[in-house]
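Close look at the chain arrangement
Spelled out from the first residue to the last, the chains are:
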Amino acid sequence: MEQKIVKNTFFKFFFPALASSLMLSVISMTDLMIAGNFVGETALTTISLALPVIIYVQIVTALFGLGGAIVLSTCMGEGKREECNRIFTISTVSTLVISIVSLILGLLFLEPLILLLGGSQGPVMEQAKLYIGTLFCGMPFLMLSPVMAIFLRNDNEQKYAMFCVVAAGVGNILFSILFVTVFRGGILGIALGTVVAELVCCLLAGIRLFNKKRMFHLVRTKPDGRIFLSIIKPGLTLTAIFLSQILLTIVVNHVLCDYGGSRGMAVYAVIKYLINFLFAMYDGVTGAIQPMIGIYYGEKEENNIRYTVRYGFGVMFVIAAAMMLVMELLGGLLCGLFHVQTEQLIDMTVQAMRILGIYCLSTAVMTFMNAFYRCTGKEKISFGISLLDNLVFPIAFVLLFAKGLRWGTTGVWIGLLVAGYATMIVWLLYVLMKKQGLLFLKPEQFRRPDGEFHEIYSLKLQNMETMMADVTAYCDERKVTGRKKYFIHLVIEELVLNVVSMSKDRMKSSHYVDIRITPMGEEGTQLRIRDNLVQFNPADVSEGDAFQTAAEMSQEEDRVSELHGINTLGIGMVKKIAKDYSYRRTIGYNSFMVII
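Presented here is a report on the structure given in the accompanying data block. Within each chain, residues carry numbers counting from 1 in the order of the written sequence. Note on the predicted model: pLDDT of at least 70 is required for a residue's local features to be given, and 80 or more for side-chain atom pairs to be given and counted; whole-chain, interface and lining totals, by contrast, use all residues. The basis for the side-chain values is all heavy atoms of the structure; hydrogens and waters are excluded.

**Points about the overall build of the chain**
Across its full length, the chain holds 21 helices and five strands. The cut-offs for exposure are 20% and 50% of the maximum accessible area for each residue type, with area from a 1.4 Å probe on protein chains only; residues under the lower value are buried, those over the upper are exposed, and the others partly exposed. Out of the 596 residues belonging to the chain, those deemed buried represent 54%. Put simply, of all contacts in the chain between residues at least 6 apart along the chain, 78% involve residues at least 24 apart. Using a 1.4 Å probe, accessible areas were evaluated by the Shrake-Rupley method; residue-level cover was limited to the displayed protein chains. By element, 62% of the accessible surface of the chain is carried by carbon and sulfur atoms, the whole surface being about 26,400 Å². Secondary structure counts use DSSP, requiring at least four H or I residues in a row for a helix and at least two E residues in a row for a strand, with both numbered from the N terminus. Contacts: residue pairs with any heavy atoms within 4.5 Å of one another.

In structure tokens form, the structure reads like this:
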């Protein structure tokens, strides 16, 4: 049953994460497709030049969106409400300040920046000024919208966050086509469509995010270096990846400009956006496994970690294989989507796709393992993989094959392919040298105390008697004293039956309760009770507001009478006899921890 629970949890998180990440990728690809179909070949080159600007936006999102949401979630679990408000405020305000500074500096140094990115004087420069300059004008919306969506997603608003991102993606398509075709805006219209779509996302996300009823909100606070550093720390590895991508893109743009001119850069734009689309699908997998592995690792659930890896990597490999087949067999069709028309440009693009199609498999392995190591506290291994896979090997092999061996544009694609597999070989050699397995999971990390009780029950009323009988048998076998035995029964009955009372009309065969009883010697006995029913923390519900909470959760007035079974007196007794009591809602389940 444990394996089935992990599988259900993975796919519950995978599909919303996949939809959100794909839509973010579609927003970027939309600009390229509309440019190719309605503006022309020079526009493809312009959008290729803008790739580092988009990656820069992703860096800020990683630092203050992902980083801030991770730290905030931890504080919410610890009950530090005021700290949550300060984290949310500093993350949001920092993003806004950086976006405004970026807007000003970007417009002041626009032409030197375009030259640095690989541009040149002439038609490309004029179009790049319009496109990149407009993106800088909309930088507050480009940065704030993904950060706001991340905070919503981490606060049990996955579906609404996905709705905001999807709305932005659809809006980007519609606005861009409208500005290009009806208002004849050209490359400027494409950029305006992107900015307006992100503005829409900000407005939609703000409706929920800045609601007064939310657990966290904006407050007046002074700058705090400690909180600021805690926010950016989780996103540093991702930031290293994005910075490497910026440097790599600049190097590749210059090499392609030398050997293939604007056509070579146009090909790279198509290839880069296809690879970004692939990584967006990978993000759906890593976005699902990261909270799961983090929780299971902290709770020393080795089997659940391995189940998560099995399902996550399986899905990742299927995605990689499918994308490889598409790039190998459907190059001509993909060229048509981006409106690549000239024979020479089509040949160059199809050749690049066929070389880099095999690259998809190595990226699947390295992306998954990189995410896994980040989740399990192995930042050094993760950073090493990121550095080799995104900077050292790609630049070295691109320069070797393109310039050293003089293979030109073909050498660029071969260099990127070889770099991916070179990283994987170095990683495998490191794994063999350490002799700890691919996951680096040490058995002593997951050793459970002797005499621990752990069972999972399908949450049906007829199973409650079986559960209590098993607990009684365990207590008898361990010769637990009568008083402690009574307390164990009381805690399990009150916490399990109360949450069942809150959810009994929603009971399904997939609902379960996970009971773990751990002897702690002189410190007492720890009970962990986990279920996947509706969110409900009985410790926060007083006798006076219990029925109001029940009514709000059920959204049916006639159910309030059914929920009078909530035993606030029993909950009060549990809190009184417990040495320690905690509750958290993580990856879709309630988790109660009681020490008696």
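**What about the pairing of strand 2 (residues 512-519)?**
Buried residues dominate strand 2, accounting for seven of its eight residues. Paired strands, as defined in this entry, are two strands with at least two bridges between them according to DSSP. By the bridge criterion, six bridges tie strand 1 (residues 453-458) to strand 2 in an arrangement that is antiparallel. When the bridges of strand 2 are listed, Ser458 appears paired with Tyr512. The pairing of strand 2 with strand 3 (residues 525-531) spans seven bridges and is antiparallel. Its bridge partner lying in strand 3, Ile515 is registered against Ile529. Counting the residues that bridge the hairpin from strand 2 to strand 3 gives five residues, and of these Gly521 lies at a positive phi of roughly 65 degrees.

**A closer look at the pattern of salt bridges**
For this analysis, a salt bridge means a side-chain nitrogen from Lys or Arg found within 4 Å of a carboxyl oxygen belonging to Asp or Glu. Applying the stated criterion across every chain yields a total of 10 salt bridges. With a shortest N-O distance of 3.0 Å, Glu301 and Arg528 are connected by a salt bridge. Placement of Glu301 in the loop between helix 11 (236-298) and helix 12 (302-329) and of Arg528 in strand 3 is noted, with a sequence separation of 227 residues between them. Each member of the pair, Glu301 as well as Arg528, carries the same accessibility label: buried. As a salt-bridge pair, Asp476 and Lys485 come within 2.7 Å of each other at their nearest N and O atoms. Residue Asp476 is classed as partly exposed on the basis of its relative accessible area of 45%. Shared partners join several salt bridges into a network, and the residues in it are Glu301, Glu452, Asp514, Arg516 and Arg528.

**With respect to helix 16 (residues 379-404)**
Bend, in this description, refers to the angle at a residue between axes fitted to the seven residues ending there and the seven starting there. Taken as a whole, helix 16 carries its principal kink of about 45 degrees at Leu388. Where helix 16 ends, the next residue or the one after it, Arg406, has phi of about 60 degrees, a positive value.

**Notes on the packing of helix 7 (residues 139-153) against helix 9 (residues 186-209)**
At a closest axis distance of 8 Å, the pairing of helix 7 and helix 9 adopts a crossing angle of 35 degrees. Considering only the axes of helix 7 and helix 9, their crossing is left-handed. For the pair formed by helix 7 and helix 9, the contact residues are Phe141, Leu142, Leu144, Ser145, Pro146, Met148, Phe151 and Leu152 on the first element and Thr194, Val195, Glu198, Leu199, Cys201, Cys202, Ala205, Gly206, Arg208 and Leu209 on the second. When the residues that make up the contact of helix 7 with helix 9 are grouped by side-chain class, the tally is 13 nonpolar, three polar and two charged. Note on definitions: angles span 0 to 180 degrees between N-to-C directions of axes, and those axes are lines fitted to C-alpha atoms, for helices only across the stretch in contact. If you view the pair so one helix is near and one far, a crossing is left-handed when the near helix is turned anticlockwise from the far one by less than a right angle, and right-handed when it is turned clockwise. Residues are grouped as follows: Ala, Val, Leu, Ile, Met, Phe, Trp, Tyr, Cys and Pro are nonpolar; Asp, Glu, Lys and Arg are charged; all remaining types, including Gly, are polar.

**Structural notes on the nonpolar core**
Core analysis: the biggest nonpolar cluster contains 152 residues, and Ile132 and Trp413 have the highest contact counts within it. For this core, the leading source of residues is helix 11, giving 30 residues. Beyond its immediate stretch of four places on either side in the chain, Ile132 contacts Leu49, Ala50, Val53, Leu110, Ile114 and Leu117. Buried residues of nine kinds, namely Ala, Val, Leu, Ile, Met, Phe, Trp, Tyr and Cys, make up a nonpolar core once their side-chain atoms join them within 4.5 Å. Met468, Leu490, Ile492 and Leu533 belong to the second largest nonpolar core, which has 29 residues in total.

**A short note on unusual backbone geometry**
Positive phi, close to 60 degrees, is recorded for Arg406, a residue that is not glycine. With respect to the helices and strands, Arg406 occurs in the loop between helix 16 and helix 17 (408-434). Looking at Arg406, the relative accessible area reads 68%, which means it is exposed. Residue Phe440 is not a glycine yet carries a positive backbone phi of 55 degrees. Structurally, Phe440 can be placed in the loop between helix 17 and strand 1. Judged by its relative accessible area of 4%, Phe440 falls in the buried class.

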